Amino acid sequence: MALQLYNEQFESRLLLGTAAYPNPEILRAAVRKSQPAMITLALRRQGATSAEHGQGLWGLLQELDLPILPNTAGCLSVQEAVTTAQMAREVFATDWIKLELIGDDHTLQPDVFQLVQAADILIKDGFKVLPYCTEDLIACRRLLDAGCQALMPWAAPIGTGLGPVHEYALHVLREHLPDTPLLVDAGLGLPSHAAAVMEWGFDGVLLNTAVSRSGAPVLMAEAFAQAVKAGRLAYEATPVVPRHSAQASTPQLGQPFWHYPDYND
């Protein structure tokens, strides 16, 4: 089943960032190999007409012909985030925005208090807001109350590649918000991390550093794309619940069926 965000459907459940690639050719190849649902970029850092390694990023994005998800990376206040989002809408002709509002320069942890305020303003202004947030259940509920229809909780601080460090909290979030699209954003370092959160029932992942700073970004982009698909397929297949005692995988000759652990009288 396709990923649905704000009543729009996407075939892929992978979103891919565009920063810190060795050169535009590698970025182009990584995007084409992984075929993400959307590609993200920060207006404040890049600009639509800036040149990176001698080639305008905007021209490359147009060539890739994929939906663009601008983000408000680097914003530290509500007004700064709102203004950046409005600029991005004018430049890229899209109502989509990944809302980032940072509260700590070291960890780049989201300021969830200001995040809710900014989300409320942008939702009322017609934006389709995907807020980068922590895995805190209460903060996520406040974002939903503000009108967000999807959330992007982190797995770990941006760029660390640690994978899901608060597994229990992510499970709680998924359990208590069963109908909300949840895309894990930040902190994933390995394809196995992506496969794991997808197996837990998360709806997608957003990646940048794990791909762009790897030794072979094109191969890593492909690996993550396959991991996301595999994890989702495993979730939809309803995995066997782990058992703490051994169980025969095939019936034993002569053993009555009522001796099997799954038999209920």
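Look above for the structure.
Keep in mind that this is a model prediction, so the values were computed, not measured.

Draft legend 1. Quick peek at the overall build of the protein chain. A count of helices and strands for the protein chain gives nine helices and twelve strands. Counting across all 265 residues of the protein chain, residues that qualify as buried make up 50%. A separation threshold of at least 6 residues defines the contact pool for the protein chain, and within that pool the share at least 24 residues apart is 65%. When the accessible area of the protein chain is evaluated, it comes to approximately 13100 Å², of which 53% is carbon and sulfur surface.

Draft legend 2. Just unusual backbone geometry, in detail. Within the chain, tyrosine 6 stands out as a residue other than glycine whose phi angle is a positive 50°. Take tyrosine 6: it is sitting in the loop between β1 (3-5) and β2 (8-10). Residue aspartate 65 is not a glycine yet carries a positive backbone phi of 55°.

Draft legend 3. Looking closely at the environment of valine 82. Along the chain, the position of valine 82 falls in helix α3 (residues 78-92). The spatial distance from the C-alpha of valine 82 to the C-alpha of aspartate 125 is 9.8 Å, given a sequence separation of 43 residues. Look past the residues within four positions of valine 82 in its chain and what remains in contact with it is Ala118, Ile121 and Leu122.

Draft legend 4. Seen up close, the nonpolar core. Of all hydrophobic cores here, the largest spans 76 residues; its most connected members are Val129 and Val205. Not counting the four nearest positions on each side in its chain, valine 129 is found in contact with Tyr6, Ile97, Leu99, Ala119, Leu122, Ile123, Cys148 and Ala150.

Draft legend 5. Geometry of the packing of helix α1 (residues 24-34) against helix α9 (residues 217-236). Direction vectors running N to C along α1 and α9 enclose 20°, while the axes themselves pass 8 Å from each other. With respect to α9, the axis of α1 lies roughly parallel. Here the hand of the crossing between α1 and α9 comes out right-handed. Note on element contacts: α9 touches α1 through Pro217, Val218, Ala221, Glu222 and Ala225, opposite Ile26, Ala29, Ala30, Lys33 and Ser34. In the contact of α1 with α9, the residues fall into seven nonpolar, one polar and two charged.

Draft legend 6. Local environment of the layout of surface pockets. Roughly 340 Å³ of volume is contained in the second largest pocket. Looking at the second largest pocket, it is lined by 17 residues, and the ones nearest its centre are Glu11, Ser12, Arg13, Ala225 and Lys229. When contributions to the lining of the second largest pocket are tallied by element, the ones reaching two or more residues are α1 and α9. In terms of residue count, the dominant contributor to the lining of the second largest pocket is α9 (eight residues). In the lining of the second largest pocket, the residues fall into six nonpolar, four polar and seven charged.

Draft legend 7. Seen up close, the side chain of aspartate 111. Within the fold, aspartate 111 resides in the loop between β8 (96-99) and α4 (112-124). No salt bridge is formed by the buried aspartate 111; the nearest opposite charge belongs to arginine 142, separated by 13 Å. At a separation of 3.1 Å, a polar atom in the side chain of aspartate 111 contacts the main-chain amide nitrogen of phenylalanine 113. Leaving out residues up to four positions away in the same chain, aspartate 111 has contacts with Leu101, Ile102 and Gly103.

Draft legend 8. Layout of the packing of aromatic side chains. Counting across every chain of the model gives two aromatic pairs. On the basis of an interplanar angle of 70° and a centroid distance of 5.9 Å, the ring pair of phenylalanine 10 and tryptophan 96 is categorised as edge-to-face. Here phenylalanine 10, found in strand β2, pairs with tryptophan 96, found in strand β8; they are 86 residues apart in sequence, far enough to count as distant. For phenylalanine 10, a relative accessible area of 7% translates into the label buried. Take tryptophan 96: its relative accessible area is 7%, and that puts it in the buried class. One residue, lysine 98, lies across the ring of tyrosine 132, its end atom 5.6 Å from the ring centre. When the ring centre of phenylalanine 202 is taken as reference, the NZ or CZ atom of arginine 174 above it lies at 5.8 Å.

Draft legend 9. Region of interest: the pairing of strand β7 (residues 68-71). Across the two faces of β7 the burial is the same, with Ile68 and Pro70 and Leu69 and Asn71 all buried. Sheet topology note: the strand β4 (residues 38-42)/β7 ladder contains four bridges and is parallel. Across the sheet, isoleucine 39 pairs through a bridge with isoleucine 68, a residue of β7.

Cut-off values and rules
Residues numbered from 1 in each chain as written. Predicted model: local features only at pLDDT ≥ 70, side-chain atom pairs only at ≥ 80, totals over all residues. Heavy atoms only, no water. Helix = DSSP H or I, 4+ residues; strand = E, 2+ residues; numbered from the N terminus. Buried < 20%, exposed > 50% of the residue type's maximum accessible area, 1.4 Å probe, protein only. Contact = heavy atoms within 4.5 Å. Areas by Shrake-Rupley, 256 points an atom, 1.4 Å probe, with all protein chains shown as cover. Core = buried A, V, L, I, M, F, W, Y, C linked by side-chain atoms within 4.5 Å. Axes fitted to C-alpha atoms, helices over the stretch in contact; angles between N-to-C directions. Parallel < 35°, antiparallel > 145°, perpendicular 65-115°, else oblique. Left-handed = near helix turned anticlockwise from the far one by under 90°. Nonpolar A, V, L, I, M, F, W, Y, C, P; charged D, E, K, R; others polar. 1 Å grid on protein atoms, 1.4 Å probe; cavity = no way out; pocket = protein on both sides within 12 Å on 5 of 7 lines; lining within 4 Å. Points joined across faces, edges and corners; volume = space filled by probe spheres on them. Lys, Arg positive; Asp, Glu negative; His and termini not counted. Salt bridge = Lys/Arg side-chain N within 4 Å of Asp/Glu carboxyl O. Polar contact = N/O pair within 3.5 Å; in protein donor to acceptor, adjacent residues only side chain to side chain. Phe/Tyr/Trp six-rings, centres within 6.5 Å; stacked < 30°, edge-to-face > 60°. Lys NZ or Arg CZ within 6 Å of the ring centre and 35° of its normal. Pairing = 2+ DSSP bridges.

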